[in-house]
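Each chain is listed here by its residues.
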Amino acid sequence: MAVQALDAERLPFDWQRLALPAVLIVAAYGLIPAYASSYLVEAILLPFLALSLAAVGLNLLTGYCGQLSLGSSAFMAVGAFAAYNFNLRIDGLPLPATMILAGFSAAGIGVVFGLPSLRLRGFYLAVSMLAAQFFVQWALTKFGWFSNYNPSGVISAPRLTVAGFSLDGATGRYLLSVTTVIVLTALVWRLVNSATGRNLIAVRDNETAARVIGVPVLRTKLLAFAISSFTIGVAGVLWAFTYLRTVEPAGFNLDRSFQILFIIIIGGLASIRGAFLGAAFIVVFPLLLSRIGAFLFGGLFDSGVLDMSQRIVLGALIIIFLIAEPSGLSALFDRLKRRIGSRSS
């Protein structure tokens with residue numbers, strides 16, 4: 001009887017909550033590899049997955065812990081060049097181990113440059129994080145060892161194999177990327193919904209109050225920098241190995257850091273889903289703008305006009321989001337879901 005009473009008190013299992021992730025996983029592993037064109041995979045899905053993972057890492061640091069960073073691209077570069085060197089200099093190292101070691105390399109650099117967060121906050125911390133951006137790019141350009149003494153500093157992706165299966169094709173690189181993104185996103189989601197995640201939010205909201213209630217503020221900040229940099233470093237591996245296939249230090253410049261920051265602003269701070277919504281917007285937006293511009297203005301809408309128009313429109317949209325909907329596309333998605341749910345009921 002006691003067991004029956006306990007079962008009666010249990011909340012019903014929320015199947016609707018798992019419906020969307022299940023549909024997305026089926027589409028990711030079933031429909032896309034079978035039906036997606038090479039252009040869709042290589043021009044849209046691969047950059048979307050890499051940028052989404054980088055945005056998840058930055059959102060953990062900025063959205064959940066409140067530590068503003070402008071050096072995300074530097075940690076992507078550390079991950080990409082570290083993976084290249086681990087693969088080059090350690091014979092027989094499996095690809096998953098290469099990516100994990102690259103992530104740890106980025107995490108180590110992230111902790112070092114995260115030390116100023118123990119004293120600095122807000123704008124001053126963001127400026128100090130620029131040191132990581134400039135230092136990493138300078139080091140990769142100055143010391144030829146990182147690029148195996150290539151005069152141009154360019155590195156090329158090695159052969160991608162896992163358990164004897166080649167992943168060099170578009171579909172193989174997509175499967176590698178989507179699996180990596182799912183695994184790391186699930187781990188970050190588990191983290192932010194744990195006691196550690198509550199500590200991160202407490203530090204973000206009020207450091208003094210967090211310290212009073214027993215939250216280890218300094219350790220929590222450094223942990224956020226480490227996990228965030230690890231995630232962004234693995235995203236850098238995906239960007240270099242699965243998407244571009246050939247990359248140079250200049251490819252991880254300050255513009256890339258701002259791009260990742262814009263993704264979490266548009267998608268929504270402190271939202272795992274917002275990282276994916278923002279990345280989808282950033283990847284698809286230039287393509288839509290190019291098509292619309294070519295349709296309206298024809299040959300006058302060249303690449304230079306496209307780049308300038310993209311910057312202007314994107315800047316305007318960021319201002320609109322900050323004023324009208326600070327919580328970004330994630331909040332709009334929730335509002336739309338509630339409205340559909342209310343109509344259906």
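Above this note sits the structure.
In this report, we go over the structure that sits alongside the text. Everything quoted here is computed from the prediction, not taken from an experiment.

1. Observations concerning the packing of aromatic side chains
Per the stated rule, a full pass over the model turns up 9 aromatic pairs. Ring geometry for Phe135 against Trp138: centres 6.0 Å apart, planes inclined by 40°, an arrangement best described as tilted. On the criterion of helical spacing, the pair formed by Phe135 and Trp138 is a turn pair, its members being 3 residues apart in helix α6 (residues 122-142). The class for Phe135 is partly exposed, based on a relative accessible area of 43%. The structure contains a cluster of three or more aromatic residues connected by ring pairs, namely Phe113, Phe135, Trp138 and Phe143.

2. Observations regarding a nonpolar patch on the surface
Taken together, Val284, Leu288, Ile292, Phe295, Leu296, Phe297 and Leu300 make up a surface patch of nonpolar side chains, about 800 Å² in accessible area. Relative to the helices and strands, Ile292 is located in helix α12 (residues 272-297).

3. Some details on the packing of helix α4 (residues 72-89) against α6
α6 packs onto α4 with a crossing angle of 35° between their chain directions and a minimal axis gap of 8 Å. In this structure, α4 crosses over α6, and the sense of that crossing is left-handed. On α6, the residues that touch Ser73, Ala74, Phe75, Ala77, Val78 and Phe81 of α4 are Met129, Ala132, Gln133, Val136 and Leu140. Classifying every residue of the contact of α4 with α6 by side-chain character gives 9 nonpolar, 2 polar and no charged.

4. What to know about the nonpolar core
As a rule of thumb, nonpolar side chains are buried together in soluble globular proteins. Counting residues in hydrophobic clusters, the biggest one holds 93 residues, and the most contacted among them are Leu53, Met76, Met99, Tyr174, Phe241, Phe252 and Ile266. At 16 residues, the largest contribution of residues to this core is made by helix α3 (residues 38-64). Those residues in contact with Met76 that sit more than four places away from it in its chain are Ala54, Ile232, Gly233, Ala235, Gly236, Trp239, Phe252, Arg256 and Ile260.

5. Things to note about the pattern of salt bridges
Under the defined criterion, the tally for this structure stands at 8 salt bridges. Linking Glu42 and Arg173 is a salt bridge whose minimum nitrogen-to-oxygen distance equals 3.3 Å. Here Glu42 is found in helix α3, whereas its partner Arg173 is found in helix α7 (residues 170-192), with 131 residues between them in sequence. In this structure Arg173 comes out as buried when scored by relative accessible area, which is 6%. Arg245 serves as the salt-bridge partner of Asp168, at 3.4 Å between the closest nitrogen and oxygen.

6. Re the environment of Thr196
Looking at the secondary structure, you find Thr196 in helix α8 (residues 195-205). Residue classification places Thr196 among the partly exposed positions, given a relative accessible area of 25%. Considering only alpha carbons, one finds Thr196 and Leu223, 27 residues apart in sequence, at a separation of 9.4 Å. Setting aside its immediate chain neighbours within four residues, Thr196 contacts Leu191 and Leu223.

The rules behind the values
Residues numbered from 1 in each chain as written. Predicted model: local features only at pLDDT ≥ 70, side-chain atom pairs only at ≥ 80, totals over all residues. Heavy atoms only, no water. Phe/Tyr/Trp six-rings, centres within 6.5 Å; stacked < 30°, edge-to-face > 60°. Helix = DSSP H or I, 4+ residues; strand = E, 2+ residues; numbered from the N terminus. Buried < 20%, exposed > 50% of the residue type's maximum accessible area, 1.4 Å probe, protein only. Patch = residues over 30% accessible without salt bridge, like charges linked within 9 Å, V, L, I, M, F, W, Y side chains within 5 Å. Areas by Shrake-Rupley, 256 points an atom, 1.4 Å probe, with all protein chains shown as cover. Salt bridge = Lys/Arg side-chain N within 4 Å of Asp/Glu carboxyl O. Axes fitted to C-alpha atoms, helices over the stretch in contact; angles between N-to-C directions. Left-handed = near helix turned anticlockwise from the far one by under 90°. Contact = heavy atoms within 4.5 Å. Nonpolar A, V, L, I, M, F, W, Y, C, P; charged D, E, K, R; others polar. Core = buried A, V, L, I, M, F, W, Y, C linked by side-chain atoms within 4.5 Å.

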